[in-house]
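# Coordinate analysis (summary)
Take a look at the letters that make up each chain.
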Amino acid sequence: MRSVDCDILVIGGGGAGASVAALAARAGARVVLVSKEPAGRGDTCIASGLMTDGLVNPSDSPDKLIRDLVLCGERLNDPVLVRLLAERSGEAREVLEEFGMAFRRDREGRLMPLPTPLGGHSVARTLTSFAEGNQLGSALRAALYRAEVRVCEEHLVTDLFVEGGQVIGALGVELASGEFTAWSAKRVILATGGCGWMFAPFTSNMRSNTGDGFVLAFEAGAELRDMEHAQYIFGLSRPESMVGVLLGEPASAGFFGRLIDREGREIIGAPARKTRGQVAAAMAGAIREQKTGASGGVFLDLTRNVERLGPVYRELLSLSRKSALDAVRFAYGGAAARCQEPWEVVPSFHYLPGGIRVDGR
């Protein structure tokens, strides 16, 4: 068994883990990152390139973003974490840009949020990037290597070492060789993602999302919170081998998109302006009332976007949802990929809002 000593051990190699590992190493710490998959993968590779920045719009403010987050969270949010997110969302965007993620700007170099508020926001603050998740993952990998982070890929962490109420390291196994490694560290950061694969096939998540981090934390004595909550978005309804594949979230409906049942009746108005929770509840209602299509889903109708916006809408969709369009073309055909036919969609598990109870530090 190998033994490795470091200042900070980061478990999980997606966007969160890779970012914190690179930043800590740049600050002078000896950092080891352990990941079941290649670093920069996980659910980060299905990111669409959309991001909220609460400071990008002159008419916006952290207080406005806090209000929107609390309302969209149905007042279940932790106020300390909400304020932290609202006040520092701009820093997160700056870090991603420094790593190599490019967001759309005008000729003067100013960031360009989409003109209409989306996803429950009251102010236009949604940025689009020129890349999706795989490109973001590549940027994160490059940041790790520039910062000289020691990366242990395709390793599964099986146990945390606890001494005096402090986590001081971890034990893990290399999946290919079966060899174990014991890491000792001054600090251990869990960034292992969620548990979406437990909902398969109705999930957009990668197969690696199996809830390992929750188990590690719980067995080490940490408290878990809000584990009963779940977010769903749009997934493919067929063929069987592609059920649940990511097609987008409420914002994907666009300015004039509709969510309808098999009889063409709207099940919720202006879905692009609604939260994931509101849209998922509307879809569940239609499914419960058996107003679904042949594959058990409802229909995302984007045809009015094409009729009213023409090439502008297609360009926007190809920039922000290229992978979804590719999936639709394969599953439903060319007319659907050109948004000339509605897409049959099912609720696909996307995100677990709960996890380890943390504070503002």
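This text goes with the structure placed above it.
What comes next concerns the included structure.

About the cut-offs
- Residues numbered from 1 in each chain as written.
- Predicted model: local features only at pLDDT ≥ 70, side-chain atom pairs only at ≥ 80, totals over all residues.
- Heavy atoms only, no water.
- Core = buried A, V, L, I, M, F, W, Y, C linked by side-chain atoms within 4.5 Å.
- Buried < 20%, exposed > 50% of the residue type's maximum accessible area, 1.4 Å probe, protein only.
- Helix = DSSP H or I, 4+ residues; strand = E, 2+ residues; numbered from the N terminus.
- Contact = heavy atoms within 4.5 Å.
- Pairing = 2+ DSSP bridges.
- Phe/Tyr/Trp six-rings, centres within 6.5 Å; stacked < 30°, edge-to-face > 60°.
- Axes fitted to C-alpha atoms, helices over the stretch in contact; angles between N-to-C directions.

### So, the nonpolar core
Grouped burial of nonpolar side chains is what soluble globular proteins tend to show. Counting residues in hydrophobic clusters, the biggest one holds 32 residues, and the most contacted among them are Phe234, Leu247, Leu259, Leu300, Trp343 and Val345. At the level of elements, strand 10 (231–236), helix 6 (276–288), strand 14 (298–301), helix 8 (311–320), helix 9 (322–332), helix 10 (334–337) and strand 15 (343–351) are the ones that each hand at least two residues to this core. Ranked by size, the runner-up nonpolar core spans 26 residues in total, among them Ala24, Ala25, Ala39 and Met101.

### A few points about the environment of Ser35
Its location among the elements puts Ser35 in strand 2 (residues 31–35). Classification of Ser35 as buried rests on a relative accessible area of 6%. With residues near it in sequence (within four places) discarded, Ser35 still touches Gly12, Gly13, Cys152, Glu153, Glu154 and His155.

### Some thoughts on the pairing of strand 7 (residues 166–174)
Taken together, the eight bridges between strand 6 (residues 155–163) and strand 7 define a ladder with antiparallel strand orientation. Bridging across to strand 7, Leu160 finds its partner in Ala170. Counting the residues between successive antiparallel strands, the hairpin from strand 6 to strand 7 contains two residues, one of them, Gly164, with a positive phi of roughly 60 degrees. As judged from the five bridges shared by strand 7 and strand 8 (residues 180–190), these two strands associate in the antiparallel manner. When the bridges of strand 8 are listed, Gly169 appears paired with Ser184. Here strand 7 folds back onto strand 8 in antiparallel fashion, the turn holding five residues, of which Gly178 has a positive phi close to 80 degrees.

### Structural notes on unusual backbone geometry
In this structure, the amide linkage connecting Ala200 to the following residue, Pro201, adopts the cis form with an omega of 5 degrees. Its place among the elements puts Pro201 in the loop between strand 8 and helix 5 (212–219). Residue Pro239 is reached from Arg238 by a cis peptide bond, and omega for that bond is -5 degrees. Assignment of secondary structure puts Pro239 in the loop between strand 10 and strand 11 (246–248). You will see that Asp226, though not glycine, has its phi angle at about 55 degrees, which is positive. Within the secondary structure, Asp226 sits in the loop between strand 9 (224–225) and strand 10. With relative accessibility at 24%, the residue Asp226 sits in the partly exposed group.

### Let's talk about the side chain of Asp68
Considering the arrangement of structural elements, one finds Asp68 in helix 2 (residues 62–72). Under the relative-accessibility criterion, Asp68 is labelled buried at 5%.

### A closer look at the packing of aromatic side chains
In this description, a pair of aromatic rings is defined by centroid distance and the angle of the planes. Per the stated rule, a full pass over the model turns up four aromatic pairs. With centroids separated by 5.8 Å and ring planes inclined at 90 degrees, the aromatic side chains of Tyr232 and Phe349 adopt a geometry described as edge-to-face. Residue Tyr232 is located in strand 10, and its partner Phe349 is located in strand 15; the two are separated by 117 residues in the primary sequence. Relative to Phe256, the ring of Phe255 lies with its centre 6.5 Å away and its plane at 75 degrees, an arrangement referred to as edge-to-face. Residue Phe256 is classed as partly exposed on the basis of its relative accessible area, which comes to 28%.

### Some words on the sheet that holds strand 7
As summarised here, the arrangement of the six strands in space is 5-2-1-8-7-6, forming an open sheet in which the pairing is mixed. Either end of the sheet is taken by a strand with one partner, and the two such strands are strand 5 (150–153) and strand 6. The average angle at which neighbouring strand axes cross in this sheet is 40 degrees, direction not considered. Sheet analysis places strand 1 (residues 2–11) next to strand 2, joined by four bridges and oriented parallel. Counterpart to Val10 in the pairing with strand 2 is Leu33. Contacts between helix 1 (residues 15–26) and the sheet are confined to strand 1, strand 2 and strand 8, with strand 2 contributing the most and set at about 165 degrees to the helix.

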